[in-house]
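Structure at a glance
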Amino acid sequence: MSRNKKAARRRGAIFASFFMCCLGASLLAAAMATKNWFESDCKSPIPSSTGHVNFGLFEGRSRLQSIASITHDLKVVCEDGSCMYSCAATKALRIDHLNLVKNHTKHTNFVNEHCQSLEAVRSRPLLEFSLPALSGQSPGEETDPRRLLFSPMALDFLLRRWHSFVDMPLADITVADSIENASTDDATATTPDEATATTTPDVTTPVATTTTPVAITTTPVAESSTLETSTSQTPVDQLEFMDYGLWMGTIVCLSLGMLFAVVGALFAVINTATTPVEAITGVPGLYLWNALAALFNIICVILWAVQFHQHLSGNVLLYDAQDGWTTDGMGVYGYSYWLVVVAIFVHVVNIGIIFMGTHEPKVKEQLQAPDAKGGIMLY
């Protein structure tokens, strides 16, 4: 191959390396800016409830839909080695929110006061959802109002809505107690005629005052509600917070990978225009920058994988768990995570392009004996 063709091939390979480095840096920038490193569907014991949550490295979003659809923008807050995604507006409020969750403190009012919902509209008409669902009927059946009013699911749902506003412990009021109290009130209620007869006895007839012992019996209450708190909520002792070291390590490695990709692109431009003398600025430097970018991307992927399996595979809805929402076993890696994986392959391919364009195999030169041309040399 002629010298000009070799130079053109070398220049073309280095120029291609520039575009590959730019592609790798763009993938990493997109991964850092997007909010889809973690994705999961959500569920709760309320019938027909759905939800979705996605987390980025800095921000996230949760959409929970039961009767109303509520969307919260989330931001990461960290303190004392623990991190969580909070819906509060300011950093100080997010730290307070983190401490409330860590201390297992009731925080329903905090969310209602300091978390602004982006969407709080009804996803469907109220009667279309509530009447069949709360009465335990399928949407196609004709709803019986008596089944709706006296169903345990309807009473339990109404108690939970009331509890969310007045912050009353659910342990003090249960569905079974409400039904039993309603039955007692019906049994002891008297009509106006009966009350008049008992309070105004006939003056001509002596009234016999006798006392009859009343047997008071207690019946154990069966705790069998389909929306029972103990089975629907995640125990506070099992709440998993993100690890600060893994989270920060992921960000640092991603930033370093992006930095070395940009450096590799700059030196690729320099090597396209000139032929640097020093090795670090020449072709060996291109190998180094791409190798370092791929290495830090691999470490970033590993750190987030450890974070995912140790702290995000359970229920990530730390403050919505008190309402029965959970993501346990439904989390997956989002596309932001896979962008970093693609960037790793981009830099590996780039190293191969640089090698094929700049490598020149060494040709062994054979020593030839001088031609005497038939002459006799005398010494």
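Residues numbered from 1 in each chain as written. Predicted model: local features only at pLDDT ≥ 70, side-chain atom pairs only at ≥ 80, totals over all residues. Heavy atoms only, no water.

Regarding helix α2 (residues 91–102)
- Under the 1.5 Å per step criterion, the end-to-end length of α2 is 16 Å for twelve residues, consistent within 8% with the ideal 16 Å.
- Listing the buried residues of α2 in full gives Arg94, His97, Leu98 and Val101. Projected down its long axis, α2 shows its buried positions confined to an angular sector of 100°, all on one face.
- Taken from the residues just after α2, His104 is the one with a positive phi, measuring 60°. (Helix = DSSP H or I, 4+ residues; strand = E, 2+ residues; numbered from the N terminus. Expected span 1.5 Å × (residues − 1). Buried < 20%, exposed > 50% of the residue type's maximum accessible area, 1.4 Å probe, protein only. Arc of directions from axis to C-beta.)

Observations regarding unusual backbone geometry
- The backbone of Ser48 shows a phi angle near 65°, a positive value even though the residue is not glycine.
- As for its placement among the helices and strands, Ser48 is situated in the loop between β1 (38–42) and β2 (50–55).
- Looking at Ser48, the relative accessible area reads 43%, which means it is partly exposed.

So, the confidence of the model for the protein chain
- Mean pLDDT over the protein chain works out to 75, with 62% of the residues at or above the 70 mark.
- Taken element by element, the protein chain is modelled with least confidence in helix α9 (residues 229–232), mean pLDDT 36, and with most confidence in helix α11 (residues 283–312), mean pLDDT 96.
- Segment residues 187–192: pLDDT under 50, and one contact once partners within four positions in sequence are set aside and those in other chains are kept.
- Note on residues 194–234: pLDDT under 50 across the span, and 33 contacts to partners over four residues away in sequence or across chains. (pLDDT = per-residue confidence, 0-100. Contact = heavy atoms within 4.5 Å.)

Side note on the nonpolar core
- Trp37, Phe38, Met84, Trp304 and Val340 are the most contacted members of the largest nonpolar core, which has 58 residues in total.
- A per-element tally of this core places α11 first, with eleven residues.
- In this structure, Met84 is in contact with Lys75, Val76, Val77, His97, Leu98, Val101, Phe241, Leu318 and Tyr319, ignoring residues within four places of it in sequence. (Core = buried A, V, L, I, M, F, W, Y, C linked by side-chain atoms within 4.5 Å.)

Examining the pattern of salt bridges
- Evaluated as defined, the whole model comprises two salt bridges.
- We note a salt bridge from Glu59 to Lys35, for which the minimum N-O separation is 3.3 Å. Taken together, the residues Glu59 in strand β3 (residues 59–65) and Lys35 in the loop between α1 (3–33) and β1 connect sequence positions 24 residues apart.
- Owing to a relative accessible area of 32%, Glu59 belongs among the partly exposed residues under this scheme.
- Residues Asp73 and Arg61 are paired through a salt bridge, measuring 2.8 Å at the closest nitrogen-oxygen approach. In this pair, Asp73 sits in strand β4 (residues 68–79) while Arg61 sits in strand β3, placing the two residues twelve residues apart along the sequence.
- With a relative accessible area of 32%, Asp73 lands in the partly exposed category.
- Classification of Arg61 by relative accessible area gives partly exposed; the value is 29%. (Salt bridge = Lys/Arg side-chain N within 4 Å of Asp/Glu carboxyl O.)

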